[in-house]
Amino acid sequence: MSYVTQKLFLVWYMAFCQLVGSCSPTTTTTHFQKYKNLGLTCEVSPVQFTSSSGDILTCSRACREHRGCTSFVYTQNSFSVPSHVKPGKCTFCPVHNIGGLRYPSIASSETETWLGFMGRMFKPPSHTFLPIPGALSIGKLMVVKGRVPVPAQARFYVDIFHNDQANVVIRIAPRLNFLEHENQLRISSFVVGDKWDVRIIPEFPFAQGKDYEISLLSTKHGFAVYIDKVFMHNVHRTLNMVSDIGYLSFKDTHIYMVFY
C-alpha cells in the first residue's frame, strides 16, 4: 500500500469511526511488537543478519534498517535454543519461509519474537465490514480478542472476508447449542459458486462469559488459526496478499480489540 493510499484510508477510517462512535482510528506504522514465548516456524533455518562490519545486529536496529522484513526472533540465553540460533543474537525468519507459530512449552524460555504491527481497533462495531489493510500479508499475525456474552447466543461468528465482501477467507463459528450441536467449533471458508469448506475442530475453548483470543498467522501455505495460543487448523487459501486486503466482521459476540 502506497503512502498516499494509507493517508486516504486513515482519513476515511477516522470519519467512519466518528460516525459509528465505537472504535478508535486505525494506526498504520512500521513498528514491530515484541511477543514473549512465541516463535515462528520456518521451512529452512533462519538467516542471521550481520552489519557491514560483521557484528550481529540488535533487534531494534534490524527493524530500523530492514523495513521490508516481517519478523525477528531474539534469544537471550542458551536454554532450549535451536542449534542454528546463537544465544543473545537477533535472527530473521524470511517471509517466504514462514510456516506457522510455535509456543515454547517451557515456561522459563526467554525467546522473543518481533512481529510487524500495522493497525489496531478498539471496540469495533458488530456485523460491519471493517477494513483491515495489510492484515493478510504473509508473516503477519492478526489477533482478535473478545468475550462470549452473558447470556450467550446459540452460536456466533468471527469472519475474515475477501475484498469483494462475498468470499469468506476464514469463518470462526463456535456453536454452543445450535441445531443439536453443542460445544462444537467450526472453522470454514467459502468461495462464491462453490460449497463451504467446513472443518470441525475437536477442541472447544469457548464458554459463556469467558474471554478468548483468536490468532491468525498468514503463511506461505495459507492461514494458521490459533485460539488461546493453541493451534487449531490450517486454512489452505491462496490470496494476492497485496490487493486482496480483506474485511473483518463478527456477530453475536463482544470484540474489544483487534490488532495486526
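Residues numbered from 1 in each chain as written. Predicted model: local features only at pLDDT ≥ 70, side-chain atom pairs only at ≥ 80, totals over all residues. Heavy atoms only, no water.

**Q** I'm lost on the side chain of Thr253 in this one. Help?
**A** By secondary structure assignment, the location of Thr253 is in the loop between β18 (247-251) and β19 (254-259). With a relative accessible area of 5%, Thr253 lands in the buried category. A polar contact of 2.6 Å, which involves the side chain of Thr253, links it to the side chain of Tyr212. The residues contacting Thr253, other than those within four sequence positions of it, are Arg147, Val148, Pro149, Phe156, Tyr157, Val158 and Tyr212. (Helix = DSSP H or I, 4+ residues; strand = E, 2+ residues; numbered from the N terminus. Buried < 20%, exposed > 50% of the residue type's maximum accessible area, 1.4 Å probe, protein only. Polar contact = N/O pair within 3.5 Å; in protein donor to acceptor, adjacent residues only side chain to side chain. Contact = heavy atoms within 4.5 Å.)

**Q** Got a minute to help me understand the confidence of the model for the protein chain in this structure?
**A** For residues with low pLDDT, the predicted coordinates do not support detailed interpretation. Summarising the model, the protein chain shows a mean pLDDT of 78, and 75% of its residues fall at 70 or more. With pLDDT under 50 throughout, residues 13-29 is counted as low confidence; its partners more than four residues away or in other chains account for 42 contacts. (pLDDT = per-residue confidence, 0-100.)

**Q** Is there a simple way to think about the pairing of strand β12 (residues 168-178) in this case?
**A** Here is the key point about a regular strand: its side chains alternate between the two faces of the sheet. By the criterion of burial, β12 is predominantly enclosed, with 10 of the 11 residues buried. In this structure, strand β11 (residues 157-161) lies alongside β12, joined through four bridges in antiparallel fashion. Across the sheet, Phe161 pairs through a bridge with Val168, a residue of β12. The turn linking β11 back onto β12 is made up of six residues, and Gln165 within it adopts a positive phi angle of 60 degrees. In terms of strand pairing, β12 meets strand β13 (residues 181-190) through eight bridges, oriented antiparallel. Paired with Pro174 across the bridge in β13 is Leu185. Between β12 and β13, which follow one another and run antiparallel, lie two residues, and Leu179 among them has a positive phi close to 50 degrees. (Pairing = 2+ DSSP bridges.)

**Q** What exactly am I supposed to notice about the sheet that holds β13 here?
**A** Sheets are built from strands paired through backbone hydrogen bonds, the pairs being either parallel or antiparallel. Pairing is antiparallel in the open sheet, where six strands are placed in the order β9-β18-β11-β12-β13-β14. Unpaired on one side and paired on the other, β9 (130-131) and β14 (197-201) mark the two borders of the sheet. Pairing between β11 and β18: five bridges, direction antiparallel. Within the sheet, the bridge partner assigned to Asp159 lies in β18 and is Ser249.

**Q** What exactly am I supposed to notice about the packing of aromatic side chains here?
**A** Geometrically, a pair of aromatic rings is defined through the distance of the ring centres and the angle of the planes. Scanning the model with the defined rule gives nine aromatic pairs in all. Their ring planes at 20 degrees and their centres at 5.8 Å tell us that Phe156 and Tyr212 sit as a pair that is stacked. Here the residue Phe156 occupies a position in the loop between β10 (141-147) and β11, and Tyr212 occupies one in strand β15 (residues 211-219), the gap between them amounting to 56 residues. Aromatic ring contacts, followed pair by pair, group Phe156, Phe204, Phe206 and Tyr212 into a single cluster. Taking NZ or CZ as reference, Arg171 lies 4.0 Å from the ring centre of Tyr157, over its face. (Phe/Tyr/Trp six-rings, centres within 6.5 Å; stacked < 30°, edge-to-face > 60°. Lys NZ or Arg CZ within 6 Å of the ring centre and 35° of its normal.)

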